[in-house]
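Listed below are the residues making up each chain.
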Amino acid sequence: MRIGIIGGSGFYNIEGYDILDRRHIVKTPWGEPSADYIIAGRDGHEFVFLARHGKNHDIPPHRIPYRANMWGFRLLEVDRIFAVSAVGAINPGLSVGDIVIPDQLLDCTRTRGQITYYEGKFTPNGEFEHPGRGKDRVYYALREKKVVHVDVTNPFDPQGREVAYEVLSGAGLKVVPKGTYAAMEGPRLETAAEIRALKILGADLVGMTAVPEAFLARELEICYTLITIVTNMAAGISATKLTTDEVLQVSSSRKQRIIDLIAEIAKRLPDDLPPECGEALKGAIM
Ligand code: HPA
């Protein structure tokens with residue numbers, strides 16, 4: 001089993017691992033991924049790393065080729081992903097530098113709810129042959145141009161979240177084991193009124209990329225865990241103007257510790273995937 005790692009803002013490479021290969025995936029039915037995938041090894045496990053915003057951070061959240069990115073992981077035989085993302089905190093109980101492993105997701109984007117692999121008769125033609133693993137529901141649904149409605153009651157991998165919490169908190173980091181992430185379209189930050197509204201809706205965190213990333217992972221039966229780093233208090237909660245400097249500075253200061261600990265997480269993950277993500281297409285195909 002290979003484990004995928006998605007690096008967000010401030011997180012463009014994988015240090016401390018043995019680099020085994022670099023894969024440039026040019027062609028998917030959904031375009032070209034954000035960057036080369038780096039195949040890396042550590043303590044007997046294999047990892048596949050992708051910089052979500054490109055290796056020079058030249059792709060804004062609304063232009064990320066989300067479908068190509070997640071498809072690349074599928075082609076590289078990844079069935080669990082740990083994504084690391086910078087977020088603003090809405091919940092006043094959180095502080096800058098905290099790590100939160102969200103359990104819920106609010107899609108507050110306007111357009112990204114439509115980003116799916118399964119477009120029924122409008123599904124693009126592609127080479128949807130299974131590259132040799134056991135699960136072929138994904139390939140069947142694409143090849144047959146099926147309509148698919150995946151269950152996302154709990155949009156994240158319950159095992160991944162539990163093990164990530166154990167390992168990160170066991171290593172002395174301040175980690176909050178759950179929270180609701182509100183996804184905004186970006187690339188601008190939010191108004192104070194938007195943050196007040198998101199708070200009423202029950203959001204603890206705000207970010208720009210978990211939708212559609214988490215939902216596309218579910219559509220590919222990849223189990224997805226999000227590890228967020230609070231880089232700032234959200235608009236109107238913070239007393240000062242928000243800057244990208246603070247986002248990058250806080251996220252860069254936490255990233256190496258998290259990336260090292262993902263190798264520890266890998267050691268403790270059970271082999272079998274939870275059915276809610278690992279068999280997400282069962283009962284979901286029309
Ligand atoms: N809003 C949206 N996305 C973010 C923020 C924020 O305040 N901080 C880091 N990513």
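For the structure, see preceding data.
### Describing the overall build of the chain
In step 1: Within the chain one finds seven helices and 11 strands.
In step 2: In summary, the chain has a C-alpha radius of gyration of 18 Å against a globular reference of 19 Å for 286 residues, a match within 12%.
In step 3: Overall, the chain is about 55 × 40 × 35 Å in size when its C-alpha atoms are taken along their principal axes.
In step 4: Looking at the 286 residues of the chain, the share that counts as buried comes to 53%.
In step 5: Looking at the chain as shown, the accessible area adds up to about 12400 Å², and 49% of this sits on carbon and sulfur atoms.

### Here's the deal with the pattern of salt bridges
In step 1: Evaluation of the coordinates by the stated rule reveals 13 salt bridges.
In step 2: For R268, the salt bridge goes to E166, with nearest N and O atoms at 3.5 Å. Note that R268 is positioned in helix α6 (residues 244-268) and E166 in helix α3 (residues 158-170), a separation of 102 residues in sequence.
In step 3: Residue classification places R268 among the partly exposed positions, given a relative accessible area of 49%.
In step 4: The exposure class of E166 is partly exposed, given its relative accessible area of 36%.

### A look at the site of the ligand
In step 1: Lining the immediate surroundings of the ligand are A86, V87, G88, L189, E190, V206, G207, M208, T231 and N232.
In step 2: Between the ligand and the protein, one listed contact pairs a nitrogen atom with a backbone N or O atom of A86 at 3.4 Å.
In step 3: At 2.7 Å from a nitrogen atom of the ligand is found a side-chain nitrogen or oxygen belonging to N232.
In step 4: For the ligand, the accessible surface in isolation is 260 Å², of which the surrounding protein chains cover 93%.
In step 5: The pocket occupied by the ligand, as judged from atoms lying within 2 Å of grid points, is the largest pocket.
In step 6: Elements that contribute at least two residues to the shell around the ligand include exactly β5 (78-89), β10 (205-207) and β11 (223-233).
In step 7: By residue number, the principal contributor to the shell around the ligand is β5, which donates three residues.
In step 8: Tallied by class, the residues present in the shell around the ligand amount to five nonpolar, four polar and one charged.

### A look at the nonpolar core
In step 1: Counting 50 residues, the largest nonpolar core has M70, W71, F73, I81, Y117, Y118 and Y224 as the members making the most contacts within it.
In step 2: Elements represented by at least two residues in this core include exactly β3 (37-42), β4 (45-51), α1 (66-75), β5, α2 (137-143), β9 (180-183), α5 (210-219) and β11.
In step 3: With residues up to four places along the chain from it excluded, the contact list for Y118 reads T123, V138, A141, L142, K146, V148, E219, L220 and L281.
In step 4: Ranked by size, the runner-up nonpolar core spans 31 residues in total, among them F47, V84, V250 and I258.

### Regarding the state of the cysteines
In step 1: What the rule picks out here adds up to one disulfide.
In step 2: There is a disulfide in this structure between C223 and C277, and the S-S distance comes to 2.1 Å. Between C223 and C277, the S-S dihedral sits near 95 degrees, and the bridge is therefore right-handed. With C223 in strand β11 and C277 in helix α7 (residues 275-278), the pair connects residues that are 54 residues apart, well separated along the chain. The burial state of C223 is the same as that of C277; both residues are buried.

### Description of empty space enclosed by the protein
In step 1: A complete count under the given rule lists one cavity of 30 Å³ or more for this structure.
In step 2: The volume enclosed by the largest cavity comes to roughly 40 Å³.
In step 3: The wall of the largest cavity is formed by G8, S9, F11, V84, S85, A86, I229, S251 and K255.
In step 4: Elements supplying a minimum of two residues to the lining of the largest cavity: β5 and α6.
In step 5: Looking at which element gives the most residues to the lining of the largest cavity, the answer is β5, with three residues.
In step 6: Classifying every residue of the lining of the largest cavity gives four nonpolar, four polar and one charged.

### Some remarks on the layout of surface pockets
In step 1: Here the largest pocket is characterised by a volume of approximately 520 Å³.
In step 2: Looking at the largest pocket, it is lined by 28 residues, and the ones nearest its centre are S9, P61, L189, M208 and V247.
In step 3: Only β5, β10, β11 and α6 provide two or more residues apiece to the lining of the largest pocket.
In step 4: Broken down by element, the residue count for the lining of the largest pocket peaks at four residues, all from β5.
In step 5: In terms of residue class, the lining of the largest pocket is made up of 14 nonpolar, 12 polar and two charged.

The rules we used
Residues numbered from 1 in each chain as written. Predicted model: local features only at pLDDT ≥ 70, side-chain atom pairs only at ≥ 80, totals over all residues. Heavy atoms only, no water. Helix = DSSP H or I, 4+ residues; strand = E, 2+ residues; numbered from the N terminus. Rg over C-alpha atoms; globule rule 2.2 N^0.38 Å. Buried < 20%, exposed > 50% of the residue type's maximum accessible area, 1.4 Å probe, protein only. Areas by Shrake-Rupley, 256 points an atom, 1.4 Å probe, with all protein chains shown as cover. Salt bridge = Lys/Arg side-chain N within 4 Å of Asp/Glu carboxyl O. Near = heavy atom within 4 Å. Polar contact = N/O pair within 3.5 Å; in protein donor to acceptor, adjacent residues only side chain to side chain. 1 Å grid on protein atoms, 1.4 Å probe; cavity = no way out; pocket = protein on both sides within 12 Å on 5 of 7 lines; lining within 4 Å. Sits in = over half its atoms within 2 Å of the grid points. Nonpolar A, V, L, I, M, F, W, Y, C, P; charged D, E, K, R; others polar. Core = buried A, V, L, I, M, F, W, Y, C linked by side-chain atoms within 4.5 Å. Contact = heavy atoms within 4.5 Å. Disulfide = S-S within 2.5 Å. Points joined across faces, edges and corners; volume = space filled by probe spheres on them.

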